[in-house]
Amino acid sequence: MNIGAAAEASGVSQRMIRHYEKIGLIPAPPRRDSGYRDYSPADMHRLRFIANARDLGFPVEEIRTLLELWSDRARSSAEVKALAAARAEELGRKAAALEAMRATLIDLATRCHGDDRPDCPIIDQLAR
């Protein structure tokens, strides 16, 4: 299938498919006589794997490692589990940081009168 059909079938944009090819996450597919890329069912499976990993917050280098582990039938599931646990921990840190930012914004918005006066704790905090 061509790149447009591959994008539709996998849920990965054409631009990202080209990018994944460029950085080596997916091998460059063979080309038809017309010059169009010709993606196989295995390519589609790999693209969906990458998309699912991205949806779970894995960065490109960890996806590369996961792809290697996926293709290694002699792998230890402990390696995969360790990657997932580390990613979950990092997401927890990011979630806590986002919640702290949210709490600060709510506090500042609550303390701001939101009227015609020029004084504003939001501006004061940003100016610090």
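Remember, it's a predicted structure, so these values are computed and weren't measured experimentally.

Colleague: Can you lay out the confidence of the model for the chain for me, pointing to particular residues and giving the numbers?
Modeller: Taken as a whole, the chain shows an average pLDDT of 95; of its residues, 100% reach a score of 70 or greater. When pLDDT is averaged over each element of the chain, helix α5 (residues 77–111) comes out on top at 97 and helix α6 (residues 121–127) at the bottom at 93.

Colleague: Go over the side chain of D43, please, and point to the residues and values.
Modeller: In this fold, D43 is placed in helix α3 (residues 41–55). Despite its burial, D43 pairs with no opposite charge, the nearest such side chain being R46 at 6.6 Å. A polar contact of 2.9 Å, which involves the side chain of D43, links it to the backbone nitrogen of S40. Here D43 is in contact with P27, P29 and D38, once residues within four sequence places are set aside.

Colleague: Mind laying out the pattern of salt bridges, listing which residues take part and the relevant values?
Modeller: Two side chains bearing opposite charge may form a pair once their charged atoms approach each other closely. Scanning the model with the defined rule gives nine salt bridges in all. Here D38 makes a salt bridge to R32, at a shortest N to O gap of 3.4 Å. Taken together, the salt bridges that share partners define one network made up of E89, E90 and R93.

Colleague: Quick one: what's the story with the packing of α3 against helix α4 (residues 60–71), residue by residue and with numbers?
Modeller: Here α3 crosses α4 at 135°, and the two axes come no closer than 10 Å. As summarised for this structure, α3 and α4 are arranged oblique, according to the angle between their axes. In the crossing of α3 with α4, the sense of the turn from one axis to the other is right-handed. Only V60, I63, L66, L67 and W70 of α4 make contact with α3, whose side of the interface consists of H45, R46, F49, I50, A53 and R54. Its residues assigned to classes, the contact of α3 with α4 comprises eight nonpolar, one polar and two charged.

Colleague: Report on the nonpolar core, specifying residues and quantitative values.
Modeller: I17, Y20, I26, Y39, L47, I50 and I63 are the most contacted members of the largest nonpolar core, which totals 20 residues. Broken down by element, this core gets its largest block of residues, five residues, from α3. Setting aside residues no more than four positions away along its own chain, I26 makes contact with I17, Y20, E21, Y39, R46, L47 and I50.

Colleague: Could you give an account of the packing of α4 against α5, with specific residues and numbers?
Modeller: Their axes nearest at 10 Å, the elements α4 and α5 cross at an angle of 160°. On the basis of their axis angle, the class for α4 and α5 is roughly antiparallel. By crossing handedness, the relation of α4 to α5 is classed as left-handed. Contacts from E62, T65, L66 and L69 in α4 reach E79, V80, L83 and R87 in α5. For the contact of α4 with α5, a count of residues per class yields four nonpolar, one polar and three charged.

Colleague: Give a description of α5 that names residues and reports values.
Modeller: It helps to recall that an α-helix has 3.6 residues per turn; residues three or four apart then point in one direction. Its 35 residues place the ends of α5 51 Å apart at the C-alpha level, agreeing with the 51 Å of an ideal helix rising 1.5 Å per residue. Burial in α5 covers these residues: L83, R87 and L108. Structurally, α5 contributes buried residues whose contacts are with α4 and α6. Between the side-chain oxygen of the N-cap and the backbone nitrogen of A78 there are 3.1 Å, and the N-cap of α5 in question is S76.

Colleague: Residue-level account of the side chain of R37, with values.
Modeller: With respect to the secondary-structure elements, R37 resides in the loop between α2 (14–22) and α3. With a relative accessible area of 17%, R37 lands in the buried category.

Conventions used here
Residues numbered from 1 in each chain as written. Predicted model: local features only at pLDDT ≥ 70, side-chain atom pairs only at ≥ 80, totals over all residues. Heavy atoms only, no water. pLDDT = per-residue confidence, 0-100. Helix = DSSP H or I, 4+ residues; strand = E, 2+ residues; numbered from the N terminus. Buried < 20%, exposed > 50% of the residue type's maximum accessible area, 1.4 Å probe, protein only. Lys, Arg positive; Asp, Glu negative; His and termini not counted. Salt bridge = Lys/Arg side-chain N within 4 Å of Asp/Glu carboxyl O. Polar contact = N/O pair within 3.5 Å; in protein donor to acceptor, adjacent residues only side chain to side chain. Contact = heavy atoms within 4.5 Å. Axes fitted to C-alpha atoms, helices over the stretch in contact; angles between N-to-C directions. Parallel < 35°, antiparallel > 145°, perpendicular 65-115°, else oblique. Left-handed = near helix turned anticlockwise from the far one by under 90°. Nonpolar A, V, L, I, M, F, W, Y, C, P; charged D, E, K, R; others polar. Core = buried A, V, L, I, M, F, W, Y, C linked by side-chain atoms within 4.5 Å. Expected span 1.5 Å × (residues − 1).

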